[in-house]
Amino acid sequence: GLANARIMEVEEYILHLPPSPAIDLHGSSDYDPATISQHFDDFGANEWERLVRTPADEVSVHVHTRMLAKHLAKGQRVFEIGAGAGRFTQILATLDAAIVVADISPVQLELNRRFAAEYGFDHAVEAWQQADICDLSAWASGSFDAVVAYGGPVPQRAPPPPRAPAPAHSYLRAARTHLANVQ
C-alpha cells in the first residue's frame with residue numbers, strides 16, 4: 001500500500017541523487033587512515049547498534065535492505081568495504097551472497113567475525129580483511145560481482161585522497177553493481 005509506495009519513492013530518490021555540491025573533488029585532503037581506524041576502534045560495538053537505535057534508523061536499514069535485495073542476485077560475490085561490525089554483512093548473508101568483508105578498523109573486523117559466528121552468518125563470509133577504501137590494490141580488477149559500501153565509508157565532504165589507485169567499480173565483474181550511501 002502506501003508504505004510500499006513511499007519506500008519505492010525513497011529508493012528511486014537514492015538511486016538518482018546528484019553529486020553533492022559539498023564534495024570538492026579538486027581540493028586538498030586531510031585524510032588520515034590511522035585516525036579513521038582509531039575512531040572506529042574506539043566506537044567498538046556501538047557500530048553494531050548504531051543502525052537500529054531509533055525507528056528512523058530501522059527504516060533506513062529496511063530501505064537499504066530492499067535496495068540490496070533489488071539489485072543483487074543470489075550467489076553473487078560481494079565486496080563489502082567499510083563493513084563495520086556486520087549489520088549489512090548479516091543482511092547480505094540472507095541474500096545468499098558470498099561476501100569478502102573489509103574494514104579499516106581491526107576492532108570492527110573482529111566484531112564482524114564475532115557477530116557472524118554468534119548470529120550464524122559466518123558461513124557466507126569468504127574472508128575478513130583489513131583494508132582502506134582508498135587502497136584496494138589487494139584485489140584484482142574484476143574480482144567481484146558487486147561492491148557494497150553502506151554505513152558511511154564514503155564521506156560526503158572529503159575529497160578522494162590523491163593516492164587512490166582505482167575507483168571501486170574497476171573491481172567489479174560484468175554485472176557492475178555498486179551500492180553505496182554517502183554520509
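Throughout this document, residue positions are counted from 1 along each chain, in the order its sequence is written. Side-chain atom pairs in this predicted model are given and counted only at pLDDT of 80 or more, local residue features only at pLDDT of at least 70, and totals for whole chains, interfaces and linings cover all residues. Calculated side-chain values reflect all of the structure's heavy atoms, with hydrogen atoms and water omitted.

Draft legend 1. Summary view of the pairing of strand β2 (residues 98-103). Across the 6 residues of β2, 5 count as buried, placing the element largely inside the fold. Both strand β1 (residues 77-81) and β2 contribute to a ladder of 5 bridges, which runs parallel. Bridge pairing in β2 links I81 to A102. The crossover handedness rule: strands pointing away from the viewer, path from first strand over the helix to second strand clockwise, crossover right-handed. Secondary structure elements are taken from DSSP: a helix is a run of H or I of four residues or more, a strand is a run of E of two residues or more, and numbering for both begins at the N terminus. Each parallel crossover has a hand, and for β1 linked through helix α5 (residues 87-94) to β2 it is right-handed. For two strands to be treated as a pair, DSSP must find no fewer than two bridges joining them. Across 5 bridges, β2 lies against strand β3 (residues 125-130) in parallel orientation. Across the sheet, residue I99 finds its bridge partner in β3, namely V125. Following the chain from β2 across helix α6 (residues 106-119) to the adjacent parallel β3, one finds a crossover that is right-handed. Accessibility here uses a 1.4 Å probe with only protein chains present; expressed as a share of the type maximum, an area under 20% marks a residue as buried, one over 50% as exposed, and anything in between as partly exposed.

Draft legend 2. Here's a closer look at the packing of helix α4 (residues 55-71) against α5. At a minimum axis separation of 10 Å, α4 and α5 run at an interaxial angle of 40 degrees. Here α5 runs oblique to α4, going by the angle between their axes. Every pair of crossing elements has a handedness; the one defined by α4 and α5 is right-handed. Here V61, H64, T65 and L68 of α4 lie close against α5, whose contacting residues are F88, I91 and L92. By residue class, the composition of the contact of α4 with α5 is 5 nonpolar, 2 polar and no charged. Every angle, taken between N-to-C directions, lies between 0 and 180 degrees, and every axis is a line fitted to C-alpha atoms, over only the stretch in contact when it is a helix. Angular relationships are summarised with four words: roughly parallel below 35 degrees, roughly antiparallel beyond 145, roughly perpendicular across 65 to 115, and oblique for the angles in between. Put simply, a crossing is left-handed when the front helix is turned counterclockwise from the back one by less than a right angle, and right-handed when it is turned clockwise. Here, residues are in contact when the closest pair of their heavy atoms is within 4.5 Å. Each residue receives one of three labels: charged for Asp, Glu, Lys and Arg, nonpolar for Ala, Val, Leu, Ile, Met, Phe, Trp, Tyr, Cys and Pro, and polar for the others, Gly being one of them.

Draft legend 3. α5, seen in detail. Counting buried positions over the 8 residues of α5 gives 6, a clear majority of the element. All of the buried residues along α5 are R87, F88, T89, I91, L92 and A93. Of the residues flanking the end of α5, it is D96, one or two places downstream, whose phi is positive at about 60 degrees.

Draft legend 4. Geometry of the confidence of the model for the chain. Within the chain, residue pLDDT values average 77, and 66% of them lie at 70 or more. A residue's pLDDT is the confidence the predictor assigns to it, expressed on a 0 to 100 scale. Between residues 9-28, whose pLDDT stays under 50, and residues either more than four places distant or in other chains, the model counts 19 contacts.

Draft legend 5. Fine view of the packing of aromatic side chains. Side-chain rings of Phe, Tyr and Trp (the six-membered ring for Trp) are treated as a pair once their centres are within 6.5 Å; stacked means planes under 30 degrees apart, edge-to-face means over 60, and tilted covers the remaining angles. Under the criterion given, the structure shown has 6 aromatic pairs. Seen from their ring centres, F88 and Y150 are 5.0 Å apart, and the 70 degrees between their planes marks the pair as edge-to-face. Within this pair, whereas F88 is found in helix α5, its partner Y150 is found in strand β4 (residues 144-154), the two being separated by 62 residues in sequence. Neither F88 nor Y150 differs from the other in exposure class; each is buried. Taken together, the ring pairs in this structure connect W48, F115 and Y119 into an aromatic cluster. We call a charge positioned above a ring when the Lys NZ or Arg CZ atom is no farther than 6 Å from the ring centre and deviates by at most 35 degrees from the ring normal. Over the ring of W48 we find R87, and its NZ or CZ is 3.9 Å from the ring centre. Sitting above the plane of the F115 ring, R114 keeps its charged end 4.8 Å from the centroid.

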